[in-house]
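Listed below are the residues making up each chain.
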Amino acid sequence: MTVPTPPVIILDKSQMAENIGAVARVMANFGLAELRLVAPRDGWPQERAWATASGADWVLEGITVFNSVAEAVADLNTVFATTARPRETRQPVRTPREAARVLYDDRASGLGVGILFGGERAGLETSDIALCQGIVTIPIDPRHQSLNLAQAVAITAYEWRTLVLDAPPPNFREGEPPAEGALTLGMYEHLERELDAAGFFHPPEKFRSMSQNLRVMLGRAAFTAQEVATFRGVITALSKGRGRVLEKLAAAKKGEG
């Protein structure tokens, strides 16, 4: 049986080159190879990363850099956000072991999968978590919740490696796969533009929280590419219908005048 290729590891706003190198090292330890960076504080490449990578040069040399989380997950179907707390989102919360099982099965079905980690200090923004399909929380002791970035990556990578070594038969996904991140993001933005034009986001300062809630709610549906196209067609039809109503009202008002 062909073993699925490992998930992509994505580091958002990483601060220290040494931590990037340490992440590359543990990825290589457990057979993961693709590392993506989102807006690293000191840019990339950084020479100090090679020292802490301890020879995992192929991981560092293959790094790709993105300006936003949305761009980094655009070609992926299933992404889990690793965070110690769900933060205002009602998404499925899994342990690293449970998440590894889902990612293994999805990757075996041909889907693009990844795990997102936040920066060393601030962690992940709620808006970025809303782009993911679930949350991974490492069950550490509440008396001491200090876990560094490389340790978090190591734990999730270990669970993936365990599945690979056990070589379980994958539970292939039935039906069409979820749409890629770029398609779902386009759907979110399309809906938000039309809702904004219709005055849905009131008061205006609630736009961000309301749009994030909508994204999380729709994200749980795991729309396929065809469903995304259908839903966007619904949005377009509704917006055109609203336009026709306004035209009729304007014409009626003109006739009265």
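This text goes with the structure placed above it.
Quick caveat, the model's predicted, so the values are computed rather than measured. (Residues numbered from 1 in each chain as written. Predicted model: local features only at pLDDT ≥ 70, side-chain atom pairs only at ≥ 80, totals over all residues. Heavy atoms only, no water.)

**Student:** When you look at helix 1 (residues 17-29) in this model, what are you seeing that I'm missing?
**Tutor:** At 3.6 residues per turn, the α-helix brings residues three or four places apart onto the same side. With 13 residues, helix 1 should reach 18 Å at 1.5 Å per residue; the first-to-last C-alpha distance of 19 Å fits that figure. Residues Ala17, Ile20, Gly21, Ala22, Val23, Ala24, Val26 and Met27 constitute the buried set of helix 1. On its buried face, helix 1 is in contact with strand 1 (8-12), strand 2 (35-38), helix 2 (48-53), helix 3 (57-61) and helix 7 (149-166). Gly31 lies just past helix 1 and shows a positive phi near 85°. (Helix = DSSP H or I, 4+ residues; strand = E, 2+ residues; numbered from the N terminus. Expected span 1.5 Å × (residues − 1). Buried < 20%, exposed > 50% of the residue type's maximum accessible area, 1.4 Å probe, protein only. Contact = heavy atoms within 4.5 Å.)

**Student:** So what exactly am I meant to see when it comes to the packing of helix 1 against helix 7 here?
**Tutor:** Two measures define how a pair of helices packs: the angle their axes make with one another and the distance between the axes. At a minimum axis distance of 8 Å, the contact between helix 1 and helix 7 shows a crossing angle of 20°. In terms of orientation, helix 1 lies roughly parallel with respect to helix 7. The crossing of helix 1 and helix 7 is right-handed. Only Leu149, Ala150, Val153 and Ala154 of helix 7 make contact with helix 1, whose side of the interface consists of Asn19, Ala22, Val23, Val26 and Met27. Residue composition of the contact of helix 1 with helix 7, by class: eight nonpolar, one polar and no charged. (Axes fitted to C-alpha atoms, helices over the stretch in contact; angles between N-to-C directions. Parallel < 35°, antiparallel > 145°, perpendicular 65-115°, else oblique. Left-handed = near helix turned anticlockwise from the far one by under 90°. Nonpolar A, V, L, I, M, F, W, Y, C, P; charged D, E, K, R; others polar.)

**Student:** Where do I start with the sheet that holds strand 1 in this structure?
**Tutor:** One key point about sheets: their strands pair by backbone hydrogen bonds, in either a parallel or an antiparallel sense. On the basis of which strands lie adjacent, the open sheet formed by seven strands has the order 3-2-1-6-4-7-5 and parallel pairing. The open sheet has two edge strands, strand 3 (64-66) and strand 5 (93-94), and neither has a second partner. Across the sheet, helix 7 is in contact with strand 1, strand 6 (113-117) and strand 7 (134-136); its angle to strand 6 comes to roughly 155°. (Pairing = 2+ DSSP bridges.)

**Student:** What should I look at first to understand the nonpolar core in this one?
**Tutor:** Nonpolar side chains in soluble globular proteins generally cluster together in the buried interior. Counting 37 residues, the largest nonpolar core has Ile9, Leu11, Val23, Met27, Leu35, Phe117 and Val153 as its most contacted members. Elements that contribute at least two residues to this core include exactly strand 1, helix 1, strand 2, helix 2, helix 3, helix 5 (96-108), strand 6 and helix 7. No other element matches helix 7, which puts nine residues into this core. Apart from residues lying up to four places away in sequence, Val23 is in contact with Ile9, Leu11, Leu35, Leu149, Ala150 and Val153. Val8, Val73, Val79 and Ala81 belong to the second largest nonpolar core, which has 17 residues in total. (Core = buried A, V, L, I, M, F, W, Y, C linked by side-chain atoms within 4.5 Å.)

**Student:** What exactly am I supposed to notice about the packing of aromatic side chains here?
**Tutor:** Within a pair of aromatic rings, the relevant descriptors are the distance that separates the centres and the angle that separates the planes. Scanning the entire structure with this criterion turns up six aromatic pairs. Between Phe223 and Phe231, the aromatic rings sit 5.6 Å apart at their centres with planes inclined by 65°, giving edge-to-face as the arrangement. On the accessibility criterion, Phe223 (16% relative accessible area) is buried. Members of the aromatic cluster, each reached through a chain of ring pairs, are Phe200, Phe201 and Phe207. (Phe/Tyr/Trp six-rings, centres within 6.5 Å; stacked < 30°, edge-to-face > 60°.)

**Student:** I would appreciate a short explanation of unusual backbone geometry in the present structure.
**Tutor:** With the exception of glycine, the majority of residues adopt a negative phi angle, and the majority of peptide bonds are in the trans configuration. For the bond from Trp44 to Pro45, the omega torsion is 5°, close enough to zero to count as cis. Following the sequence through the fold, Pro45 ends up in the loop between strand 2 and helix 2. Across the junction of His202 and Pro203, the peptide omega takes the value -5°, indicating a cis bond. Its place among the elements puts Pro203 in the loop between helix 8 (181-197) and helix 9 (207-219). Although it is not a glycine, Ala222 adopts a positive phi angle of roughly 50°. Positionally, Ala222 belongs in the loop between helix 9 and helix 10 (225-256).

**Student:** Explanation requested: helix 7 in the structure shown.
**Tutor:** Taking 1.5 Å as the rise per residue, helix 7 with 18 residues should run 26 Å; its terminal C-alpha atoms sit 26 Å apart, in good agreement. Considered for burial, the residues of helix 7 that qualify are Leu149, Ala150, Ala152, Val153, Ala154, Thr156, Ala157, Glu159, Trp160, Leu163 and Val164. Considering only its buried residues, helix 7 is in contact with strand 1, helix 1, helix 5, strand 6 and strand 7. At the N-terminal boundary of helix 7, the capping side chain belongs to Asn148, with an oxygen 3.2 Å from the backbone nitrogen of Ala150. (Polar contact = N/O pair within 3.5 Å; in protein donor to acceptor, adjacent residues only side chain to side chain.)

**Student:** Quick question: what am I supposed to make of the pattern of salt bridges here?
**Tutor:** It is possible for side chains bearing opposite charge to pair when their charged atoms get close. Counted by the stated rule, this structure contains ten salt bridges. Among the ionic pairs, Arg208 bridges to Glu125, the shortest N-O distance being 3.5 Å. Taken together, the residues Arg208 in helix 9 and Glu125 in the loop between strand 6 and helix 6 (126-129) connect sequence positions 83 residues apart. On the basis of relative accessibility, which here comes to 49%, the residue Arg208 falls in the partly exposed class. (Salt bridge = Lys/Arg side-chain N within 4 Å of Asp/Glu carboxyl O.)

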